[in-house]
Amino acid sequence: MAQISKTVTSNASKGEKRESQIYENVFSEIETLELPLGTSLRSVYDDQPNAHKRFMEKLEARIRNHDREIEKLCNFHHQGFVDAITELLKVRSNAGKLKVQVTDTNRRLQDAGKEVINQSEEVIRCRVQQRNIATTVEKLQLCLPVLEMYSKVREQMKAKRYYSALKTMELLENTYLPQVYQYRFCQIMTENIPRLREQIKEISMSDLKDFLESIRKHSDKIGEMAMKQSQQQRTFNSIVKKQTNTSHERKLCIASGMVPDRMDETMLEQFQDEEEEYEEEVLTAQDLVDFSPVYRCLHIYTILGDRETFENYYRKQRRKQAGLVLQPQSNMHETVDGYRKYFNQIVGFFVVEDHILHATQGLVTRAFTDELWNMALSKIIAVLRTHSSYCTDPDLILELKNLIVVYADTLQGYGFPVNRLFDLLLEIRDQYNETLLKKWAIVFREIFESDNCSPIPVANEEEYRTIISRFPFHDLELEKQPFPKRFPVSQSVPEIYKEFKEFIYASLKFSESLHRSSTEIDDMLRKSTNLLLTRTLSGCLQSLIKKQHIGLTELVQIIINTTHLEQACKYLEDFITNITNVSPETVHTTRLYGLSTFKDARHAAEGEIYTKLNHKIDEFVQLADYEWTMTEPNGRASGYLMDLINFLRSTFQVFTHLPGKVAQTACMSACKHLSTSLMQLLLDTEVKQISMGAIQQFNLDVIQCELFASSEPVPGFQGDTLQLAFIDLRQLLDLFMVWDWSTYLADYGQATSKYLRVNPSTALILLEKIDRGMKETNKKNNIFSQFRKNDRDKQKLIETVVKQLRSLVNGMAQHT
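Residues numbered from 1 in each chain as written. Predicted model: local features only at pLDDT ≥ 70, side-chain atom pairs only at ≥ 80, totals over all residues. Heavy atoms only, no water.

(A) Broad picture of the overall build of the chain. Within the chain, the secondary structure is distributed over 26 helices and two strands. Long-range pairs, those at least 24 residues apart, make up 79% of the contacts in the chain between residues at least 6 apart in sequence. As displayed, the chain has an accessible area near 47,300 Å², and 52% of this comes from carbon and sulfur atoms. (Helix = DSSP H or I, 4+ residues; strand = E, 2+ residues; numbered from the N terminus. Contact = heavy atoms within 4.5 Å. Areas by Shrake-Rupley, 256 points an atom, 1.4 Å probe, with all protein chains shown as cover.)

Following this line, the structure appears as structure tokens:
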């Protein structure tokens with residue numbers, strides 16, 4: 001028990017020691033103010049119950065211990081504290097005095113330091129300003145060139161020196177701005193430079209547009225000057241040649257002792273005028289148009305790296321302008337000024353392009369100009385082909401040709417191929433020849449209308465020589481005849497010959513300057529002259545021959561005229577040969593078709609003579625008034641027939657100047673037509689009956705015709721050739737006059753028949769008419785005539801003959 005109690009007491013003692021240790025640790029922490037205290041306090045409260053109470057007890061005991069220690073410490077130091085307070089009180093009065101002195105000294109020190117402070121602040125401020133100024137000057141030295149360059153850019157743009165402005169901007173952007181890039185104004189400049197470039201591009205493009213508009217307006221004048229220069233070059237060559245000849249003549253004059261001033265003044269004045277015209281100042285494209293905008297714009301776009309855009313724009317605009325230039329006015333063909341303006345504009349356009357081609361590098365290329373030229377050439381040829389077709393005035397076409405030649409020579413001088421233009425001139429030459437043919441057709445018609453179609457009378461040698469000088473006529477017999485005398489041709493012949501020469505000259509004018517050989521020009525002249533012969537003159541002759549008022553006398557004169565004109569064709573060939581100096585023996589030389597032309601005209605005139613003769617015969621025959629039922633003839637030929645024969649005699653006397661065959665053919669044709677007309681009178685269906693008295697009267701008229709034929713109205717007929725024209729009528733009338741039907745019927749079809757030319761159908765028609773006439777006559781004379789034996793026999797004979805004739809006619813029809 002005691003052991004247990006001891007053990008318990010020992011354990012309790014250990015517990016108290018441990019608890020006391022814990023409290024000591026807590027108190028140490030509290031005293032040292034180590035925070036947080038939560039962990040320590042929690043250990044106190046968590047270990048044992050009633051720990052709070054014991055802790056508070058321990059804490060109060062600890063506080064009492066500390067209070068006792070403090071009290072002991074204060075008691076120990078109290079006397080010293082009192083002593084210190086006593087000393088401090090003694091020092092207090094001295095400290096007040098010292099404070100006053102210090103305050104006064106501080107005041108005086110502050111007053112003295114204010115000026116120093118002010119001077120120091122001023123020095124500091126000045127040094128700051130000095131440093132700022134130095135920094136500013138340094139920066140300004142970097143910025144001033146930038147500002148100067150930018151100002152220079154502005155001045156250059158204001159002065160429109162855009163190329164220099166771009167160069168300055170390039171220098172500014174690449175050299176100066178990188179040195180001061182940190183400043184805001186540099187950033188503004190950097191942002192403005194692209195805008196300035198765009199502005200320069202826009203201004204340059206605007207200048208280019210103004211330039212394009214300017215050259216469009218001045219193309220006419222540029223082309224006029226270029227064509228004038230080309231024309232003057234040709235004139236200059238002519239002047240040099242003339243002056244060379246003149247100098248040679250002047251030397252000859254001096255050598256022979258003649259005064260040079262007595263040379264032909266007219267020629268000298270002409271030379272002077274031509275020299276003045278050549279020396280007249282001719283403005284060039286550079287004089288009329290300022291090309292600097294296009295150069296400047298090209299350089300600007302090149303610097304900006306956009307040259308291709310500029311080239312494409314320029315070429316596109318020039319293509320459009322080419323289209324406008326090539327568009328002609330609708331009435332261009334009316335005057336030569338319209339063509340001249342059209343050519344001037346085109347020449348001006350291509351002169352500008354040629355200048356741009358050689359003055360710039362690559363803006364336009366030869367390929368581009370060739371493309372434009374080929375396009376323009378096709379358009380020009382189409383326009384000229386169309387508008388020249390409207391021209392009806394040969395003088396206008398000739399002026400057009402001269403314009404085209406100058407135009408072609410001008411552009412050829414600038415290196416453009418113009419062969420197609422000269423080929424076009426050959427087409428226009430055909431049009432020119434057509435207009436010449438129309439013009440000369442009017443001239444020929446006027447000549448024919450004013451011609452009296454009678455031989456030209458000459459009263460003296462002068463008049464004779466005048467005609468000879470105008471027309472190559474050679475006749476020894478006519479020369480031997482005394483004055484007054486007559487040429488066989490009418491006034492129209494020398495006039496026509498003269499007009500042929502004028503036509504050749506007019507045709508030659510077009511052939512000049514076409515760069516063709518003499519042989520080609522000779523061929524052109526001959527072909528156009530042949531057209532004048534075969535178309536124009538031939539047509540006019542045909543129209544003249546067909547006119548109603550042209551009589552037989554006029555037709556005879558036309559035949560004579562064409563004969564002499566045909567003979568004059570060889571002189572026209574010689575005339576062309578003298579002009580072209582091409583020998584007529586050349587293999588390819590074209591011959592004039594005068595033989596065929598005038599031969600056709602003569603044939604037409606001869607045919608018209610035959611027609612008019614026949615028509616005149618018809619007019620006379622229409623006057624015939626036969627009494628087909630007369631019992632006895634009048635004993636003389638009909639009046640209309642005698643008038644007709646007299647007319648034929650007088651007409652054939654006029655034919656003495658005609659070739660023999662023509663007169664003979666006309667005479668034979670007239671006699672045949674008269675025979676046919678008389679036969680138609682007998683066979684006219686309106687004539688129902690014919691008496692034997694009428695047959696006898698008709699026989700008297702035929703006898704007069706035969707007498708006329710035998711009188712040889714036109715010489716040259718052999719034997720009774722002309723009388724054979726009336727053989728059909730003669731055999732028919734003999735058959736009825738003799739009443740030889742037995743012979744006719746017996747010998748019909750035999751070559752030796754007496755009535756070989758009598759057709760059965762003709763005989764049948766006439767016999768039936770006679771039969772009806774006899775019956776009608778018998779009825780009127782005696783109503784009992786039908787009972788007479790002779791009449792009955794004759795009637796039966798007629799009926800028998802009629803039957804046989806009908807059988808012959810039917811046989812002929814079946815055979816056919």
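More follows now that the structure is in view.
(B) Structural view of the confidence of the model for the chain. Here the chain averages 81 in pLDDT, and 86% of its residues register 70 or above. Here residues 4-8 is modelled with pLDDT under 50, and outside its nearest four sequence neighbours on either side it reaches zero contacts, counting other chains as well. Below a pLDDT of 50 lies the segment residues 251-271, which in the model reaches 14 contacts outside its immediate sequence neighbourhood of four places, other chains included. (pLDDT = per-residue confidence, 0-100.)

(C) A look at the layout of surface pockets. Empty space within the second largest pocket amounts to approximately 280 Å³. Taken together, 15 residues form the lining of the second largest pocket, with Gln 231, Arg 340, Asn 402, Leu 403 and Val 406 sitting closest to its centre. Contributing elements (two or more residues each) for the lining of the second largest pocket: helix 5 (184-255), helix 10 (336-359) and helix 12 (394-413). Here the element with the most residues in the lining of the second largest pocket is helix 12; it accounts for six residues. Broken down by class, the residue content of the lining of the second largest pocket amounts to five nonpolar, four polar and six charged. (1 Å grid on protein atoms, 1.4 Å probe; cavity = no way out; pocket = protein on both sides within 12 Å on 5 of 7 lines; lining within 4 Å. Points joined across faces, edges and corners; volume = space filled by probe spheres on them. Nonpolar A, V, L, I, M, F, W, Y, C, P; charged D, E, K, R; others polar.)

(D) Geometry of the packing of aromatic side chains. Within the structure shown, the criterion is met by 31 aromatic pairs. Here the aromatic rings of Tyr 744 and Tyr 755 are separated by 6.4 Å at their centres, their planes lie at 65 degrees, and the arrangement is edge-to-face. Of this pair, Tyr 744 sits in helix 24 (residues 741-747) while Tyr 755 sits in the loop between helix 24 and helix 25 (760-781), and the two are eleven residues apart along the sequence. Per residue, the accessibility class of Tyr 744 equals that of Tyr 755, and both read buried. Through a chain of ring-to-ring contacts, the aromatic side chains of Phe 736, Trp 739, Trp 741, Tyr 744, Tyr 748 and Tyr 755 assemble into a single cluster. The ring of Phe 368 has Arg 315 sitting right over it, with the charged end atom 5.5 Å from the ring centre. A cation sits over an aromatic face here: Lys 485 above Tyr 464, 4.5 Å from the ring centre. (Phe/Tyr/Trp six-rings, centres within 6.5 Å; stacked < 30°, edge-to-face > 60°. Buried < 20%, exposed > 50% of the residue type's maximum accessible area, 1.4 Å probe, protein only. Lys NZ or Arg CZ within 6 Å of the ring centre and 35° of its normal.)

(E) The arrangement of helix 23 (residues 727-738) in detail. A rise of 1.5 Å per residue sets the reference length of helix 23, with its twelve residues, at 16 Å; its end C-alpha atoms lie 16 Å apart and thus fit the reference within 8%. Every buried residue of helix 23 is listed here: Leu 729, Arg 730, Gln 731, Leu 732, Leu 733, Leu 735 and Phe 736. Trp 739, located one to two residues past helix 23, shows a positive phi value of around 60 degrees. (Expected span 1.5 Å × (residues − 1).)

(F) Summary view of unusual backbone geometry. Note that the residue after Phe 483, namely Pro 484, is joined by a cis bond; omega there is -10 degrees. Turning to its location among the elements, Pro 484 is positioned in the loop between helix 15 (476-480) and strand 2 (485-486). Backbone geometry places Trp 739, a non-glycine residue, at a positive phi of 60 degrees.

(G) Broad picture of the environment of Gln 179. Within the secondary structure, Gln 179 sits in the loop between helix 4 (162-176) and helix 5. Note: C-alpha distance between Gln 179 and Cys 143 (36 residues apart in sequence) is 8.3 Å.

(H) Looking closely at the pattern of salt bridges. As enumerated under the stated definition, the model contains 30 salt bridges in all. With its nearest N and O atoms 2.4 Å apart, the salt bridge here joins Arg 470 to Glu 495. With Arg 470 in helix 14 (residues 461-470) and Glu 495 in helix 16 (residues 492-511), this residue pair connects regions lying 25 residues apart in the sequence. The exposure class assigned to Arg 470 is partly exposed, which follows from its relative accessible area of 24%. Take Glu 495: its relative accessible area is 21%, and that puts it in the partly exposed class. Between Arg 526 and Asp 522 there is a salt bridge; the shortest N-O distance is 2.7 Å. (Salt bridge = Lys/Arg side-chain N within 4 Å of Asp/Glu carboxyl O.)

(I) Molecular detail of a nonpolar patch on the surface. A cluster of nonpolar residues, Phe 81, Val 82, Ile 85, Leu 88 and Leu 89, forms a patch on the protein surface that exposes about 470 Å² of accessible area. With respect to the helices and strands, Leu 88 occurs in helix 3 (residues 51-158). (Patch = residues over 30% accessible without salt bridge, like charges linked within 9 Å, V, L, I, M, F, W, Y side chains within 5 Å.)

(J) Region of the structure containing the side chain of Gln 557. By secondary structure assignment, the location of Gln 557 is in helix 18 (residues 552-580). A residue is classified by how much of its surface remains accessible, and Gln 557, at 5% relative accessible area, is buried. Look past the residues within four positions of Gln 557 in its chain and what remains in contact with it is Cys 453, Ser 454, Pro 455, Pro 488, Val 489 and Ser 490.

(K) Here's a closer look at the side chain of Glu 606. Of note, Glu 606 is situated in helix 19 (residues 594-622). Arg 602 provides the closest opposite charge to the buried, unpaired Glu 606, separated from it by 5.1 Å. Once you skip the residues sitting within four places of it in the chain, Glu 606 turns out to touch Ile 559 and Val 662. (Lys, Arg positive; Asp, Glu negative; His and termini not counted.)

(L) Local environment of helix 14. For helix 14, the set of buried residues is Tyr 464, Ile 467 and Ile 468. For helix 14, the angular spread of the buried residues around the axis is 100 degrees, confining them to a single face. Exposed residues on helix 14 whose side chains face more than 90 degrees from its buried face are Glu 462 and Ser 469. Residues of helix 14 that are buried in the fold lie against strand 1 (457-458), helix 15 and strand 2. The N-cap of helix 14, judged by a side-chain oxygen 3.2 Å from the amide nitrogen of Glu 462 a few residues on, is Asn 460. (Arc of directions from axis to C-beta. Polar contact = N/O pair within 3.5 Å; in protein donor to acceptor, adjacent residues only side chain to side chain.)

(M) Quick look at the packing of helix 20 (residues 639-654) against helix 22 (residues 692-710). Their axes nearest at 10 Å, the elements helix 20 and helix 22 cross at an angle of 10 degrees. Between helix 20 and helix 22, the crossing angle belongs to the class labelled roughly parallel. Our pair here, helix 20 against helix 22, has a crossing hand that is right-handed. Here Tyr 640, Leu 641, Met 642, Ile 645, Leu 648, Arg 649 and Phe 652 of helix 20 come into contact with helix 22, specifically with Asp 701, Gln 704, Cys 705 and Phe 708. In terms of residue class, the contact of helix 20 with helix 22 is built from eight nonpolar, one polar and two charged. (Axes fitted to C-alpha atoms, helices over the stretch in contact; angles between N-to-C directions. Parallel < 35°, antiparallel > 145°, perpendicular 65-115°, else oblique. Left-handed = near helix turned anticlockwise from the far one by under 90°.)

(N) Examining the state of the cysteines more closely. According to the stated counting rule, one finds zero disulfides in the structure shown. Distance from the sulfur of Cys 186, which forms no disulfide, to the nearest cysteine sulfur (Cys 143) is 5.5 Å. Taking relative accessible area as the criterion, Cys 186 reaches 1% and is therefore assigned buried. Left without a disulfide partner, Cys 667 is nearest to the cysteine sulfur of Cys 671, which lies 4.4 Å away. Overall, Cys 667 belongs to the buried group, its relative accessible area being 0%. (Disulfide = S-S within 2.5 Å.)

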